[in-house]
Number of protein chains: 2
Amino acid sequence: MEERISVVLASGRKSSVYIASNTSELSARLSSYGANVLWVMDEHTSQLLRPLPPIHVILEAGEPSKNWRNVEIILRTAVQEGLARDAAFVGIGGGVLCDMTAFAASLFMRGCSLVLVPTTLLCMTDAALGGKTAIDYMGGKNLVGTFYPARDILIFPELLKSLPEGEYVNGLAEMLKHALLTEDESLYRTFLTKKKNILDRDPVLLRTLIGLSLDVKAAYISRDPEEKNGIRQALNLGHTFGHALESLGGFRSWSHGAAVAWGIGRALEAGTMLGLTEPRFAAGAQKLLAMYGYDMDYRIGRGEWMQFRQNILRDKKKEDGHVHFILLEKQGIPIRRMVDEQMIQALVISPPLKK
Amino acid sequence: MEERISVVLASGRKSSVYIASNTSELSARLSSYGANVLWVMDEHTSQLLRPLPPIHVILEAGEPSKNWRNVEIILRTAVQEGLARDAAFVGIGGGVLCDMTAFAASLFMRGCSLVLVPTTLLCMTDAALGGKTAIDYMGGKNLVGTFYPARDILIFPELLKSLPEGEYVNGLAEMLKHALLTEDESLYRTFLTKKKNILDRDPVLLRTLIGLSLDVKAAYISRDPEEKNGIRQALNLGHTFGHALESLGGFRSWSHGAAVAWGIGRALEAGTMLGLTEPRFAAGAQKLLAMYGYDMDYRIGRGEWMQFRQNILRDKKKEDGHVHFILLEKQGIPIRRMVDEQMIQALVISPPLKK
Ligand SMILES: NC(=O)c1ccc[n+]([C@@H]2O[C@H](COP(=O)([O-])OP(=O)(O)OC[C@H]3O[C@@H](n4cnc5c(N)ncnc54)[C@H](O)[C@@H]3O)[C@@H](O)[C@H]2O)c1
Ligand SMILES: NC(=O)c1ccc[n+]([C@@H]2O[C@H](COP(=O)([O-])OP(=O)(O)OC[C@H]3O[C@@H](n4cnc5c(N)ncnc54)[C@H](O)[C@@H]3O)[C@@H](O)[C@H]2O)c1
């Protein structure tokens, strides 16, 4: 298993990403971490590993379980098993499980080793790399957490076979976002030409795509490991619009990925209206997103505007009172711009433009 | 108020230490942090500040309160008051309060600003500087925590006036440790010649002494901010012996400072027996510690040895199975050495050597 990507992140910690060609490498690799290891899984991902390793915890799955109670279960098990600072925590699961395992690892004895084995597409292509750890707190997403990069990130695209379809499509949206955030054409072009293989989860193709997607993320986060100079913010492309939509639907009507894809569409249109975004690029990108089934033509009802507006403001008010968005000049060239309220309104409630 | 010390620590964060000549500078300085501030105090230290700032929490005092429940009170208040990533937490108190406030600051929105106003001698001279944050967990001290250096550390020696005598003497032990850990004679010499003024808590003299003491700590921690290369371990001088003794007394018979002073004595004697420590230096240092009232001649009873031995092993077993101690070749030259069990026994239970 070869190192595919290596990035130096928060506290000078290096994260190495390995992308395996098949799962037979999994057990060999995992057993290489020795005995001083706590394995953390959720009720679904624990099915992927047989036999279960000696020291393990199995947590509930799902966003509501991303809380301190579960982090404490990890910490308590580590203490009860007599693990110390030289131990490693290995998290096997999606973003929820990996965020919690990483958070716990950053706290145990002020930081032990951390290995992540992402098992959702979103986590393979995005969440596992970057050092952000968190739990949700008092209704706020990721309100409590640390920056603590994993030492190793082990990716086995074959594990995606058992992933529910909705979760798979969820991850595609963040990959498409990465495709738009790089000047390198490879990712964009593959999405354009290999739709069937991608939707069929062809593990060989996914190996390439996940690598390319992580290359894009790595380029941004390595220049801004602790989100301090604005560079990392580019990765929020589509997220301010998307999050306001998710929230409008009570986090039930829209999946995160579908909302982000829609948000990217709104950002492309905002850029076009402001004369910032190349219209041809914007049209092409909208079409690519629509090709993967995302509803780019959706608009909110007039009666929903006040709530949507409030969601946007709440999301952003903490910065400096103005609402800034990530827009794209063209492929790979993000730019942060204020968009005034009237334009936001026009973008989200006007009828879809004729294509 | 001038910056007295500046050290770059974990994650490249800079800590600036200010040592004030009188408390009149306190309120001016504190109001400079603006409105976006959460003040954290304990039931005793909240008496030092009048009027109380608008957004504050007052926690219970004492080591048993160094737990997640209190950290959560800090976090919850921050969320309820609508604070965001640009907020600052200001902790006013001893090591317990500062460790918890710093821990909470490191977690809130993955890290907000942190200012510490240490109010015990131990915290002024040791705990507030260095970036170690923690809570106790499942009976283990500092088992859960982070590395998160304070941006500013504001020291007002006059605040020590109200500190109980036992707490004051507790802090002196860590200062004396620092005096032995530097080749610079100033701190050692002042302890030797100014006993009365020191015990009288002369704020002008303390200003100098605290500065010198922090210089020593700064020199070690700046070369090893996250305790990774062994340099920072030198600051554990006296702590392995001392901790085993505290534990033997159920953490009631011995204060931390008195136990550490005794432990330094044992380390000096170990070094002398091994032919590593200059005998004249060792004798002088033992005498200096005794001068400040620490019981350097104490030995444990034969019947206590098995428990003491176990305490030492539990403290150390996690490293590599061997028991290493910090010894001193001479003033300012620490060295890490294995000491075998028989010698440990001789050091702690044999009758005191004639002086
Ligand atoms: N740390 C970061 O930088 C970062 C970035 C993006 C998102 N996130 C976080 O990630 C979380 C979302 O993660 P997610 O989308 O992976 O969802 P998830 O972790 O909730 O996983 C989705 C579901 O799929 C199941 N599952 C996982 N792998 C499976 C597999 N191979 N086969 C069958 N079922 C499987 C899980 O048990 C769960 O029920 C959010 O909490 C978000 O905040 C973090
Ligand atoms: N972070 C580090 O690097 C580090 C280093 C050493 C010790 N520590 C931690 O520090 C803690 C011990 O700290 P401590 O010795 O300061 O004890 P402490 O914080 O428990 O304070 C002792 C008592 O004095 C009271 N007090 C504080 N200031 C006062 C004042 N000016 N007037 C009157 N009363 C006052 C407190 O309320 C408390 O009751 C331990 O938990 C230890 O783990 C941390």
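Residues numbered from 1 in each chain as written. Chains lettered and ligands numbered in written order. Predicted model: local features only at pLDDT ≥ 70, side-chain atom pairs only at ≥ 80, totals over all residues. Heavy atoms only, no water.

An unreviewed UniProt entry annotates chain A as 3-dehydroquinate synthase originating from Parasphaerochaeta coccoides.

1. Things to note about the overall build of chain A
Looking only at helices and strands, chain A features 13 helices and 11 strands. Over its C-alpha trace chain A gives a radius of gyration of 20 Å, about what one expects of a compact globule, namely 20 Å for 355 residues. Dimensions of chain A, computed from C-alpha atoms along their principal axes, come out at roughly 60 × 40 × 35 Å. Expressed as a percentage of the 355 residues in chain A, the buried residues total 57%. At a minimum sequence separation of 6, the contacts of chain A that also span at least 24 residues come to 69%. Total accessible area on chain A stands at roughly 14,300 Å², and carbon and sulfur atoms take up 51% of it. (Helix = DSSP H or I, 4+ residues; strand = E, 2+ residues; numbered from the N terminus. Rg over C-alpha atoms; globule rule 2.2 N^0.38 Å. Buried < 20%, exposed > 50% of the residue type's maximum accessible area, 1.4 Å probe, protein only. Contact = heavy atoms within 4.5 Å. Areas by Shrake-Rupley, 256 points an atom, 1.4 Å probe, with all protein chains shown as cover.)

2. A few points about helix α9 (residues 239-248) of chain B
The buried fraction of α9(B) amounts to eight of the 10 residues, a majority that puts the element mostly inside the structure. At the C-terminal side of α9(B), B:G250 shows a positive phi close to 60 degrees.

3. Some thoughts on the interface of chain B and chain A
Taken together, the contact between chain B and chain A spans 33 residues of the former and 33 residues of the latter. With both sides pooled, the region where chain B packs onto chain A buries about 3,000 Å², and carbon together with sulfur makes up 54% of that total. For the interface between chain B and chain A, the tally reads four salt bridges. Across the pair A:E226 and B:R13 runs a salt bridge, and its minimum N-O distance is 2.9 Å. In this assembly, chain B and chain A are joined by 17 residue pairs in polar contact (both at pLDDT 80 or more). Broken down by secondary-structure element, the contributors of at least two residues to the side of chain B that touches chain A are α2 (68-80), α3 (95-107), β7 (132-137) and β8 (140-147) of chain B. Grouping the constituent residues of the side of chain B that touches chain A by class yields 14 nonpolar, eight polar and 11 charged. (Buried area = accessible area lost by both parts, 1.4 Å probe. Salt bridge = Lys/Arg side-chain N within 4 Å of Asp/Glu carboxyl O. Polar contact = N/O pair within 3.5 Å; in protein donor to acceptor, adjacent residues only side chain to side chain. Nonpolar A, V, L, I, M, F, W, Y, C, P; charged D, E, K, R; others polar.)

4. So, the site of ligand 1
Residue and element names in this part refer to chain A. Among the 26 residues in the neighbourhood of ligand 1, the closest are listed as D42, E63, T119, T120 and S162. Interatomic distance of 2.9 Å between a side-chain N/O atom of D99 and a nitrogen atom of ligand 1. K132 places a main-chain nitrogen or oxygen 3.0 Å from a nitrogen atom of ligand 1. Protein burial of ligand 1: of its 870 Å² of free accessible surface, 86% is covered by the chains. Of the residues that constitute the shell around ligand 1, the class distribution is eight nonpolar, nine polar and nine charged. (Near = heavy atom within 4 Å.)

5. A short note on the site of ligand 2
Residue and element names in this part refer to chain B. Of all residues adjacent to ligand 2, which total 26 residues, the nearest are D42, E63, T119, T120 and S162. At 2.9 Å, a side-chain N or O of D99 approaches a nitrogen atom of ligand 2. One nitrogen or oxygen atom from the side chain of K141 is found 2.8 Å from an oxygen atom belonging to ligand 2. When contributions to the shell around ligand 2 are tallied by element, the ones reaching two or more residues are α3, α4 (121-127), β8 and α5 (165-180). Each residue belonging to the shell around ligand 2 can be placed in one class, and the counts come to eight nonpolar, nine polar and nine charged.

6. Let's talk about the pairing of strand β11 (residues 333-338) of chain A
Residue and element names in this part refer to chain A. Of the strand pairs in this sheet, strand β10 (residues 324-330) and β11 are connected by six bridges, and their pairing is antiparallel. Looking at the pairing, I326 lines up with R336 of β11. In textbook terms, the turn of a hairpin is the stretch between consecutive antiparallel strands, and for β10 and β11 this stretch comprises two residues, one of which, G332, has a positive phi near 85 degrees. (Pairing = 2+ DSSP bridges.)

7. Things to note about the relation of the copies chain B and chain A
There are two copies of the chain, and a rotation about an axis plus a shift along that axis relates them. The two copies are related by a screw operation: chain B maps onto chain A through 180 degrees of rotation and 0.0 Å of translation along the axis, at an RMSD of 0.0 Å. Those values place the two copies in the arrangement expected of a two-fold rotation axis. When each C-alpha of chain B is compared by its distance to the rotation axis, B:S11 comes out closest, at 2.1 Å. Most of the interface of chain B is mirrored in chain A: 100% of its interface residues are interface residues there too. (Least-squares fit on C-alpha atoms with pLDDT ≥ 70 in both.)

8. Here's the deal with the domain arrangement of chain A
It is common to give the size of an interface as the accessible area lost on bringing the parts into contact. Partitioning chain A into domains gives domain 1 (3-167) and domain 2 (237-348). Domain 1 of chain A and domain 2 of chain A are separated by 31 Å when their C-alpha centres are compared. (Domains from an automatic or database assignment.)

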